[in-house]
Amino acid sequence: MGRFNQAKAPIYEALEEFRQNRIVPFDVPGHKRGRGNPELVELLGQQCVGIDVNSMKPLDNLCHPVSVIREAEEIAAEAFGAAYAFLMVGGTTSSVQSMVFSTCKKGDKIILPRNVHRSVINALVVNGATPIYVNPETDNRLGIALGMRVSQVEKAIRENPDAVAVLVNNPTYYGICSDLRSIVRLAHGYGMKVLVDEAHGTHFYFGKDMPISAMAAGADMAAVSMHKSGGSLTQSSFLLTGPSMNPGYVRQIINLTQTTSASYLLLASLDISRRNLALRGKEEFARVIALAEYAREEINRIGGYYAYTADLINGDSIFDFDRTKLTVNTLGVGLAGIEVYDLLRDEYDIQAELGDIANILAYLSIGDRERDIERLVSAMAEIKRQYGKDGAGMFSQEYIDPKVAVSPQDAFYAEKESLPLLETKGRVCSEFVMCYPPGIPILAPGEEITEDILNYILYAKEKGCSMTGPEDAAIERLNVLKEVWA
């Protein structure tokens, strides 16, 4: 038994007590429990808008918690096996950036894989830390970037012993896990902090026979996207810290960028979802894995598709695999992942999480049902029958090694000019280009624009990928540094 009762939900309980007291509101928000905005009540319901409130003494304050929020964070820390847990309402983007800001400053080096979420590079643009990229290997069949090899991390550390931190994606969007425990041991041996973008790994803390979690591996900080596989409301997240981090300082860092008007709907959803997983997570995620394994078996039986799983594990760049991830390579039916993604939505009313050049990801979690899996499998069989074709000439590479010329901060704020896309070859980009999801930049500020990258952007646009990042929304032009780099 732990020190705390995981059946408690202090924020939720305080909100329920507040509701019953029928307090007269002369504070914000201005809709006054929905009375001033009946359309909002019609959309969300009185139960919801009635507890959309601002910080007050009985409900604590997220910027400086001393009562119910503090208790909720302490209970969450125990549930996750962390020294401390911070409730975050700015999404896991805010959690990731708080990790970087807590450990790095301008001029510091941070070792990280290049296939990070844009939030990491955004943090470097803001604080001026210098990235030391470990370019991950790519599975040529699947076209996806893999995990960080321990030998790659060791090489980067030996060449940059003055680096202050190592950041690891674990798991990746596609379910690939690195040898986290070895990376932590290695980095700590050189006095470096280990930060883990664990956005897609909430369930590692609550399921059985899962890949190791960041806190169990001894990482110093982890960003956990509770709203993804944990069931809380969109934009709610946890930032976890180990015993090496000063929680007071981390709170100060969080308060530099996080709102002072935290949504109690998001906070309560974190509280309730943590309770749900702590009490029922083991059984729930066992069911999710069973659903995913069944779906893989049925999809692979269709032929052409390849729904991959733990058979990929090689003990190094794929040290482990998240079996809840239902990722399917589609090139064998002659369709790009984004084409299957669009067909599923437009023709079969099925919304997948991700469609890229070569894969789709159906995100399975505690809310999924067997009948939904059956519908997905049937739709994919129909798509192959009706739309499948020869796959000649298709791209398979989802990740292209970048050529870094300038730091992200220097490039982002440098003098720049706008050029037509096809005239930018050889120039240094000053903005982001990415398909979203997954939000991993094709180009980031400070990287050289190569012919391979231009061909990839054109192909992704042609196939209908949702492209974001540049000032020019049509991505017909790119901003590049005025200075021409050799």
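Above this text you will find the structure in question.
Residues numbered from 1 in each chain as written. Predicted model: local features only at pLDDT ≥ 70, side-chain atom pairs only at ≥ 80, totals over all residues. Heavy atoms only, no water.

Chemist: Tell me what's going on with unusual backbone geometry, and back it up with residues and numbers.
Modeler: For residues besides glycine, phi is generally negative; the peptide bonds are generally trans as well. Across the junction of Val 28 and Pro 29, the peptide omega takes the value 5°, indicating a cis bond. Tracing the backbone shows Pro 29 in the loop between α1 (10-21) and α2 (38-44). Backbone torsion omega between Asn 170 and Pro 171 reads -5°, so that peptide bond is classified as cis. Phi is positive for Asp 60, close to 75°, though the residue is something other than glycine. With respect to the helices and strands, the residue Asp 60 is situated in the loop between α3 (46-49) and α4 (68-80). A positive phi angle, close to 55°, is found at Asp 349, a residue other than glycine. Relative to the helices and strands, Asp 349 resides in the loop between α12 (337-348) and β14 (354-355). You can call Asp 349 exposed: its relative accessible area is 64%. (Helix = DSSP H or I, 4+ residues; strand = E, 2+ residues; numbered from the N terminus. Buried < 20%, exposed > 50% of the residue type's maximum accessible area, 1.4 Å probe, protein only.)

Chemist: Would you mind going over the sheet that holds strand β8 (residues 193-198) in detail, with residue names and values included?
Modeler: Taking strand neighbours across the sheet as the criterion, the seven strands line up as β1-β10-β9-β8-β6-β2-β3 in an open arrangement whose pairing is mixed. Since the sheet does not close on itself, it has two edges, and those belong to β1 (84-88) and β3 (130-134), each with one partner. Sheet twist, expressed as the mean angle between neighbouring strand axes with direction ignored, is 20°. The pairing of strand β2 (residues 109-113) with β3 spans five bridges and is parallel. Looking at the pairing, Leu 112 lines up with Tyr 133 of β3. (Pairing = 2+ DSSP bridges. Axes fitted to C-alpha atoms, helices over the stretch in contact; angles between N-to-C directions.)

Chemist: So what's going on with the pattern of salt bridges? Residues and values would help.
Modeler: Enumeration over the complete set of coordinates arrives at 25 salt bridges. Residues Lys 105 and Asp 108 are paired through a salt bridge, measuring 3.5 Å at the closest nitrogen-oxygen approach. In this structure Lys 105 comes out as exposed when scored by relative accessible area, which is 54%. Residue Asp 108 is classed as buried on the basis of its relative accessible area of 14%. Measuring nitrogen to oxygen at the nearest pair gives 3.0 Å for the salt bridge that ties Arg 301 to Glu 297. Residue Arg 301 and its partner Glu 297 are located together in helix α11 (residues 264-302), separated by four residues, close to a single helical turn. (Salt bridge = Lys/Arg side-chain N within 4 Å of Asp/Glu carboxyl O.)

Chemist: Go over the layout of surface pockets, please, and point to the residues and values.
Modeler: Over the atoms, a rolled probe matching the size of one water molecule traces out where space is still vacant. Of the voids in this model, the largest pocket is the one considered here, and its volume is about 700 Å³. If you go around the largest pocket, you meet 38 residues; those closest to its centre are His 117, Tyr 173, His 200, Pro 438 and Ile 440. For the lining of the largest pocket, the secondary structure elements donating two or more residues are α5 (91-103), β5 (144-145), β8, α9 (226-229) and β18 (441-443). Top element by residues in the lining of the largest pocket is α5. It accounts for four residues. For the lining of the largest pocket, the per-class residue count stands at 18 nonpolar, 14 polar and six charged. Estimated volume of the second largest pocket: approximately 410 Å³. Broken down by secondary-structure element, the contributors of at least two residues to the lining of the second largest pocket are α9, β15 (359-363) and α13 (370-387). When residues of the lining of the second largest pocket are assigned to their parent elements, the largest contribution, four residues, is made by α13. In terms of residue class, the lining of the second largest pocket is made up of nine nonpolar, seven polar and five charged. (1 Å grid on protein atoms, 1.4 Å probe; cavity = no way out; pocket = protein on both sides within 12 Å on 5 of 7 lines; lining within 4 Å. Points joined across faces, edges and corners; volume = space filled by probe spheres on them. Nonpolar A, V, L, I, M, F, W, Y, C, P; charged D, E, K, R; others polar.)

Chemist: Explain the sheet that holds β15 to me, using residue names and the numbers behind them.
Modeler: Strand order in this open sheet of four strands is β11-β13-β15-β14, and the pairing throughout is antiparallel. Both outer strands of the open sheet, β11 (306-307) and β14, are each paired with one neighbouring strand and no more. The sheet strands contacting α11 are β11 and β13 (325-329), and the helix crosses β13 at an angle near 15°. Sheet contacts for α12: β14 and β15; angle to β15, the most-contacted strand, approximately 45°. (Contact = heavy atoms within 4.5 Å.)

Chemist: With reference to specific residues and values, describe the environment of Ile 212.
Modeler: Within the secondary structure, Ile 212 is located in the loop between β8 and β9 (221-224). For Ile 212, a relative accessible area of 23% puts it in the partly exposed group. As for Ile 212 and Thr 103, which are separated by 109 residues in sequence, their C-alpha atoms are 23 Å apart. Filtering out sequence-adjacent residues up to four positions away, Ile 212 remains in contact with Asn 170, Leu 180, Arg 181, Phe 204 and Ala 217.

Chemist: Summarise empty space enclosed by the protein; cite the residues concerned and give the values.
Modeler: In this structure the tally under the stated criterion is one cavity of 30 Å³ or more. In this structure, the largest cavity encloses a volume near 30 Å³. Around the largest cavity, the lining residues are Pro 113, Asn 115, Leu 146, Gly 147, Met 148, Asn 169, Thr 172 and Ser 178. When grouped by side-chain class, the residues that make up the lining of the largest cavity number three nonpolar, five polar and no charged.

Chemist: Describe in detail the pairing of strand β20 (residues 477-481), supporting the description with residues and values.
Modeler: Consecutive side chains of a regular strand alternate in pointing toward one face of the sheet and then the other. Buried residues dominate β20, accounting for four of its five residues. In the sheet, strand β16 (residues 416-420) pairs with β20 via five bridges, with the strands oriented antiparallel. Bridge assignment links Ser 418 to a residue of β20, and that residue is Asn 479.

Chemist: I'd like a description of the packing of aromatic side chains, backed by residues and values.
Modeler: In this structure the tally under the stated criterion is seven aromatic pairs. For the ring pair Phe 412 and Tyr 413, a centre distance of 5.1 Å and an interplane angle of 85° mean the geometry is edge-to-face. Classification of Tyr 413 as exposed rests on a relative accessible area of 57%. Through a chain of ring-to-ring contacts, three or more aromatic side chains come together here, namely Phe 80, Tyr 205, Phe 206 and Phe 238. When the ring centre of Phe 412 is taken as origin, the NZ or CZ atom of Lys 416, which lies over that ring, is 5.2 Å away. (Phe/Tyr/Trp six-rings, centres within 6.5 Å; stacked < 30°, edge-to-face > 60°. Lys NZ or Arg CZ within 6 Å of the ring centre and 35° of its normal.)

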